[in-house]
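Report on the structure
Here is what each chain is made of, one letter per residue.
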Amino acid sequence: MSKTQTHEFDAVIVGAGGAGLYAALEASSIPGNRTAVLSKLLPIRSHTGTAQGGIGAALGNVEEDNPEWHAFDTVKGGDYLVDQQAARILADDAVQAVYDLENRGLPFNRTLDGRIDQRRFGGHTRNFGEAPVKRACYAADRTGHMILQTLYQQCIKNEVAFFDEFHIVDVLIEGHRCAGVVALELATGALHVFHTKAVMIATGGFGRMYRTTSNAYANTGDGPAVLARRGVPLEDMEFFQFHPTGIRGMGILITEAVRGEGGILRNREGERFMERYAPTMLDLAPRDMIARAMMTEINTGHGILGDPSQDDYLHLDATALGADVLAKKLPDIREFCQTYLGLDPADKPIPVQPTAHYAMGGIPTDLDGRVTADGEAGVYEGLYAAGECACVSVHGANRLGTNSLVDLIVYGRRAGRHMAEFVRQADLPTLPGDAATHAEMIVKRSDKKPQPGQAAKIRTSMRDIMMDSVGVYRSGAGLSKAVEQFKALRAEAQDVGVGDTNQAYNTDLLEFLESQNLLDLALVTAASAAHREESRGAHSREDFPERLDERFLCHTLVTVEDGSIRFATKPVDTSIWKPKPRAY
Amino acid sequence: MNVVLRIKRYNPETDSSPHFEDFKVDVQPTDRLLDALMFVKRHLDGSLSFRKSCAHGICGSDAMTINGSERLACKTLVRDVADEEDAVITIEPLQALPVQRDLMVDYTRFFEFYRVVKPYLFPAQHVDKGEHLQTLEERKKFDDVTKCILCASCQSACPVIREGTDFIGPAAIVQAARFVFDSRDRGIGARLDVLDAANGVWPCENHLECTRVCPRGIKVTKAINLTKREIKTFKEGGHQNV
């Protein structure tokens, strides 16, 4: 193995998506702060770039709106597991955050009078649920692409130091003080120690645990998995969102904006079945409700094939939108359909099925992005998290469309600001003498001789189990079995080696490390789902179909230690709105 | 159907020069070429090296040369490049960028050219509150070039760059155009030292290869020509954004 190098910075951000880049902008705007961004990808390849439909903010450019309605929708959409002050901050700060992005060059679509245009999205309503509201600011159907580009451009302007293709292997924590990270450099195979006053984890999601997902290959939850190995608890891992409209079989996302612009879901009889499930919001009900409605239609023989034993699907009918609206407002969606399905959505319905999309849970943080320890035990000093890998919690049990981008921008910025202020005052902590030892051990394990196809077999099993037992509908028996299966797969994975023994650009080793991370997160996701004996938001238990506030109006904290899984709870902030039954 | 992936391989630690290696794989005509490459990597040879991420044509990671033409492997279906049983699909790294390993190329210089055109907004005015106003017409003027994903397909296909010149290349100019034609920007003057230099916009000879291969369908050559014209206009004192 190559020699380990050590670098010294004031702040290190891991991940170069929306949250990481916004934090980098904040951190680098204070003169003298030495800030570095590590990304396992090349510039602007991060998954934020694939976000399509819009970013929610109550600008009121098109019709009356206000942030309080946005905050309420967020809380109700999250089935009251949202921390309500966090949701207020999200909705209040979203307005200025969107203006900031525009002022920095983001090319939003415009209204006739030259302002930022807005459109409808699921679960976003006027006056506490009366009717859909136009709240999503958008740049055609490449809003995330534009956000990622704009933030990266600004980072270039601020001369942020980037370490591209550096993969996080370990975080250095002594007591409750973070002292840096250890990362693998893809180009050389060398480990690098980054000794720093503060670390922010912004590594994004981990949808690759599932067979059918909208997520990129890179979404392997490296940040949460690395922290969990260091004893940091993870929050609300049982809540994983299925987006209703993934392209059949492939999982490629078809934005909710298609329905926001007037698209309709239909079953094999051509019926607009959402009329029976959500009479007010119809096809713009929250994603968890629509995904369940779709699975129910499929399971009762109303899928397009009419056969639940097959991988059945439904139709998203956008033909009423017409070629002109599709070209102007949804050009990429039209192109995806033409490329991957050989059809034009102006003429034919799109075959869709729910696709694993977004982790509501993740690394627990306070309102400033500081990672919090078990329950009341305070924060980890110098350790931050933001974006999909974090859990503030503004998404609760189910995230509303557009709120992922809002979360990145609002909490990426808040965490970045807090971290910048912290490093201005903090001393550089002592670097542990054996800083790279743990990371060396993790990378070393891969030296075992591989058996052909074994790694692929483990990965396939994990993704199938997640899909079949930890998907839209779950049961106690299925979840318990999944937990045992993941324990066995983790044990088996200990003996899988890496065939590629070269140092330079060893993507085989990278995949090995990513698979370990996914397996760890699959285990805690299934275990947390087994632990929560109720149905709430995206977590739907066939054996416990009701929401049980008396027992479960609380966040789950899960820790894995020496193979045993420990649970704790954390109270939910319900200081503004009293939990009510959820109807749309 | 069965197809043969004929992949150009190079391992800097063991090979003195690149060579081709064949992999026979069983695929569906509607599979992405990236799916076929992933099958090879996960089941036949874990050392096969290439980049990938989003797998649906947005992140720009998997640009490569497929049957002689620059394409994204995730936006190319098997049926697009193979029409019969046992068809051979030739897969090589991008041209004109140094090869790191197998299908991975070095983007360092590419991103340097991107950075020097100052690809960020020089705001025409400070906005105290709210947004800049921009008409639909003004917004439309630079819409096409906002689609660029910096995959470097255009760079690879450009005959001028392939000759080994220092031309900054189509992608950097597209990124500059994205701001030069934005009504909110006043940065053309600040970009002139790069764009108007000998290796700036002028080496482009309108071969149109960049436009032909762009996986985002950007009219790249047109953007370069418009930028050339805008530079002339600006130097004559007439740039509309000043």
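Residues numbered from 1 in each chain as written. Chains lettered and ligands numbered in written order. Predicted model: local features only at pLDDT ≥ 70, side-chain atom pairs only at ≥ 80, totals over all residues. Heavy atoms only, no water.

**Concerning the domain arrangement of chain A**
Residues and elements named next belong to chain A. Along its sequence, chain A is organised into domain 1 (5–239 + 358–425), domain 2 (252–355) and domain 3 (437–567). Here domain 1 and domain 2 have C-alpha centroids that lie 29 Å from each other. Contact residues are listed per partner, giving 27 residues for domain 1 and 23 residues for domain 2. For the pair domain 1 and domain 2, the two sides together bury roughly 1,900 Å², of which 52% comes from carbon and sulfur. At the boundary of domain 1 and domain 2, one finds 2 salt bridges. Across the pair Asp332 and Arg142 runs a salt bridge, and its minimum N-O distance is 2.8 Å. (Domains from an automatic or database assignment. Contact = heavy atoms within 4.5 Å. Buried area = accessible area lost by both parts, 1.4 Å probe. Salt bridge = Lys/Arg side-chain N within 4 Å of Asp/Glu carboxyl O.)

**Re helix α14 (residues 476–493) of chain A**
Taking 1.5 Å per residue as the helical rise, α14 of chain A with its 18 residues ought to reach 26 Å, and the 25 Å between its terminal C-alpha atoms agrees with that figure. Looking at the buried positions of α14 of chain A, the neighbouring elements they touch are α13 (454–469), β19 (473–474), α15 (507–531), β20 (540–541) and β22 (564–571) of chain A. (Helix = DSSP H or I, 4+ residues; strand = E, 2+ residues; numbered from the N terminus. Expected span 1.5 Å × (residues − 1).)

**With respect to the domain arrangement of chain B**
Residue and element names in this part refer to chain B. Taken domain by domain, chain B comprises domain 1 (2–105) and domain 2 (108–235). Each of domain 1 and domain 2 was reduced to a C-alpha centroid, and the two centroids are 29 Å apart. On the side of domain 2, 14 residues touch domain 1, which itself brings 13 residues to the contact. Carbon and sulfur atoms make up 56% of the surface buried where domain 1 meets domain 2, a total of about 1,000 Å² over both sides. Area buried by domain 1 at its contact with domain 2 is led by Glu70, Ala96 and Leu97, which between them contribute 38% of it. Along the contact surface separating domain 1 from domain 2 lie 1 salt bridge. Residues Glu70 and Arg162 are paired through a salt bridge, measuring 2.9 Å at the closest nitrogen-oxygen approach. Where domain 1 touches domain 2, the interface holds 6 residue pairs in polar contact (both at pLDDT 80 or more). A total of 3 residues in the side of domain 1 that touches domain 2 trace back to one element, the largest contributor, which is strand β4 (residues 69–72). Here the side of domain 1 that touches domain 2 is built from residues that sort into 7 nonpolar, 4 polar and 2 charged. (Polar contact = N/O pair within 3.5 Å; in protein donor to acceptor, adjacent residues only side chain to side chain. Nonpolar A, V, L, I, M, F, W, Y, C, P; charged D, E, K, R; others polar.)

**Section: the sheet that holds strand β3 (residues 63–66) of chain B**
Within a sheet, neighbouring strands are paired by backbone hydrogen bonds and run either parallel or antiparallel to one another. All names here are of chain B. Taken together, the 5 strands give an open sheet; going across it, the order is β2-β1-β5-β3-β4, and neighbouring strands pair in mixed fashion. Two strands bound the open sheet, and with one partner strand each, they are β2 (19–26) and β4. Looking at each pair of strands side by side, their axes are set apart by 35° on average, direction ignored. Examined bridge by bridge, strand β1 (residues 2–9) and strand β5 (residues 87–92) share 5 bridges and lie parallel to one another. The partner of Leu5 across the bridge, within β5, is Ile89. Its contacts with the sheet put helix α1 (residues 33–44) on β1, β2, β3 and β5, and the angle it makes with β2 is roughly 100°. (Pairing = 2+ DSSP bridges. Axes fitted to C-alpha atoms, helices over the stretch in contact; angles between N-to-C directions.)

**Points about the interface of chain A and chain B**
Counting residues at the interface gives 58 residues for chain A, matched by 62 residues for chain B. For the pair chain A and chain B, the summed buried area comes to about 5,200 Å², and 51% of that belongs to carbon and sulfur atoms. There are 9 salt bridges connecting chain A and chain B. One salt bridge connects Arg101 of chain B with Asp500 of chain A, and the closest N-O pair in it is separated by 2.8 Å. Between the two partners, chain A and chain B, sit 34 residue pairs in polar contact (both at pLDDT 80 or more). Sorting the residues of the side of chain A that touches chain B by element identifies α3 (84–103), α4 (143–157), α10 (331–341), α13 and α15 of chain A as the ones contributing at least two each. Of all the elements, α4 of chain A adds the most residues to the side of chain A that touches chain B, at 8 residues. Its residues assigned to classes, the side of chain A that touches chain B comprises 24 nonpolar, 19 polar and 15 charged.

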